[in-house]
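Descriptive structure summary
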Amino acid sequence: MTKKFRPKCVQFDRQMAFTSTGFVVPCCWIDSPGGRKDATLKQFYQKDMHIDNFDSVDDIIDSPLYKDWFDMLVNKPELAPNYCKHFCSTTSLDKHPTKTSLSTEQVDFDRVIVAKWGEKYNSWHVNNLKFMLDNYSGIKYNNFVVFEKDTFGNMYNKLEIFNDYKDGTNLYLDLDMVIYDKLPNLVRKDFTLMYDWWREEHHTPLNSSMVSWTGDISHIYKKFVDNKEYYLKKYPTSIDEFYYHEIEYKTFDKVCYSIKEHEYDKEPMKGFGLCTFGQMQHLLEDGWSGWWSKYLNS
């Protein structure tokens, strides 16, 4: 039966990918040895396309290279690379055209999401997190999303993620996390976050450095925006307090520990694959070193 080329990045909801080396490419299938060697696709890995040369992802997509790329897919699809045709060709009998029958690899998450706004984190932190995710976690995912909206000017920006991504399986990670070993199954149906088992409870025992959910949990965002000023005044310094007192949630088992009081350890704690550097993220910067250094993207 004849197959028809149907580019998913144009006709469906296949999202772009952010590579561990700092490039935005049309989809995650391209970020592979075969994709990087293709005469057309390797243009997305040129030095002038590195994210450090742009102010935002929107600027990258608005570049001449991307404009020509999408124009070709829409108006002259026969010129598309064979590599793309391999992954995005379907028959009329395909019930799920956004998935390819060529891959039998189990995917854990439809998307992994990180957030970057303001000046606290930069592209290195994004590249570093993706590097560790790809090399140590064992997690398989379709899309790596860099969320950059700065609507509220503070940590409550994270709530917009729940409003923007209302389908599939999702994993959010803070950029000050260090992944150093394989992680357990983190897929969750309900809104699930960590609890700080390593410290006293204080105002909240919760920690939203890692959040997992499936489908639509935009009710969290809507509850906040419907009474934004009240919640900002009641919980001015901690979004986790908002979750703790206002939202129905579930928590992971002990899947992570904190670098606090462990910054001088010679090796990472056994039994985990994840460590949060929250409030001590400076240890990830140049001039600091520890057991974590060998896991970072140099």
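Residues numbered from 1 in each chain as written. Predicted model: local features only at pLDDT ≥ 70, side-chain atom pairs only at ≥ 80, totals over all residues. Heavy atoms only, no water.

**Details of the nonpolar core**
Counting 66 residues, the largest nonpolar core has Leu129, Phe144, Leu186, Met210, Phe277, Trp291 and Trp292 as the members making the most contacts within it. Ignoring sequence-local partners within four residues, the contact set of leucine 186 consists of Phe109, Ile139, Leu171, Met210, Ser212, Phe252 and Val255. (Core = buried A, V, L, I, M, F, W, Y, C linked by side-chain atoms within 4.5 Å. Buried < 20%, exposed > 50% of the residue type's maximum accessible area, 1.4 Å probe, protein only. Contact = heavy atoms within 4.5 Å.)

**Some thoughts on helix H8 (residues 219–226)**
Turning to H8, its buried residues are Ile220, Tyr221 and Phe224. Summarising the axial view, the buried residues of H8 lie within an arc of 95 degrees, below the 170-degree limit, and thus occupy one face. Buried positions along H8 lie against helix H7 (159–164), helix H9 (228–234) and helix H10 (239–246). (Helix = DSSP H or I, 4+ residues; strand = E, 2+ residues; numbered from the N terminus. Arc of directions from axis to C-beta.)

**Regarding the pattern of salt bridges**
This structure, assessed with the given rule, holds 13 salt bridges. Note that glutamate 229 and lysine 228 form a salt bridge whose closest N and O atoms lie 4.0 Å from each other. A salt bridge links glutamate 267 to lysine 294, with the nearest nitrogen and oxygen atoms 4.0 Å apart. In this pair, glutamate 267 sits in the loop between strand E12 (257–258) and strand E13 (274–276) while lysine 294 sits in the segment after E13, placing the two residues 27 residues apart along the sequence. Using a relative accessible area of 55% as the deciding quantity, one classes lysine 294 as exposed. Among the charged side chains, a salt-bridge network with shared partners connects Lys149, Glu160 and Asp164. (Salt bridge = Lys/Arg side-chain N within 4 Å of Asp/Glu carboxyl O.)

**Considering the sheet that holds strand E5 (residues 109–115)**
Reading across from one edge, E6-E5-E7-E10-E9-E11 is the order of the 6 strands in this open sheet, with mixed pairing throughout. Both edges of this open sheet fall to strand E6 (141–147) and strand E11 (250–251), since each of them pairs with a single strand only. Sheet analysis places strand E7 (residues 169–173) next to strand E10 (residues 206–214), joined by 5 bridges and oriented antiparallel. Of the residues in E10, the one forming a bridge with leucine 173 is methionine 210. The sheet contacts of helix H6 (residues 123–137) involve E5, E6 and E7, and relative to E6 the element is tilted by about 160 degrees. Against the sheet, H10 touches strand E9 (192–195) and E10, its axis set at about 60 degrees to E10. (Pairing = 2+ DSSP bridges. Axes fitted to C-alpha atoms, helices over the stretch in contact; angles between N-to-C directions.)

**Topic: the side chain of serine 208**
Inspection of the secondary structure puts serine 208 in strand E10. Within the structure, the side chain of serine 208 is placed 2.6 Å from the side chain of aspartate 240, a separation counted as a polar contact. Apart from residues no more than four positions distant in its own chain, serine 208 is found in contact with Lys158, Tyr172, Asp174, Leu193, Ile239, Asp240 and Tyr243. (Polar contact = N/O pair within 3.5 Å; in protein donor to acceptor, adjacent residues only side chain to side chain.)

**Some remarks on the side chain of histidine 125**
Along the chain, histidine 125 turns up in helix H6. Not counting the four nearest positions on each side in its chain, histidine 125 is found in contact with Lys120, Leu175 and Glu285.

**So, the sheet that holds strand E8 (residues 177–179)**
The strand order across the open sheet formed by 3 strands is E8-E13-E12, and the pairing between neighbours is mixed. Across the chains shown, the open sheet's two edge strands, defined by having one partner strand only, are E8 and E12. In this sheet, E13 lies alongside E12 in parallel orientation, the contact comprising 2 bridges. Its bridge partner being in E13, tyrosine 257 is matched across the sheet by cysteine 275.

**Notes on H10**
Here H10 lies mainly inside the structure; 6 of its 8 residues are buried. Within the span of H10, buried status applies to Ile239, Asp240, Glu241, Phe242, Tyr243 and Glu246. Those residues of H10 that are buried are in contact with H7, E9, E10, H8 and H9. One side-chain oxygen at the N-terminal end of H10 lies 3.2 Å from the backbone nitrogen of aspartate 240; it belongs to serine 238.

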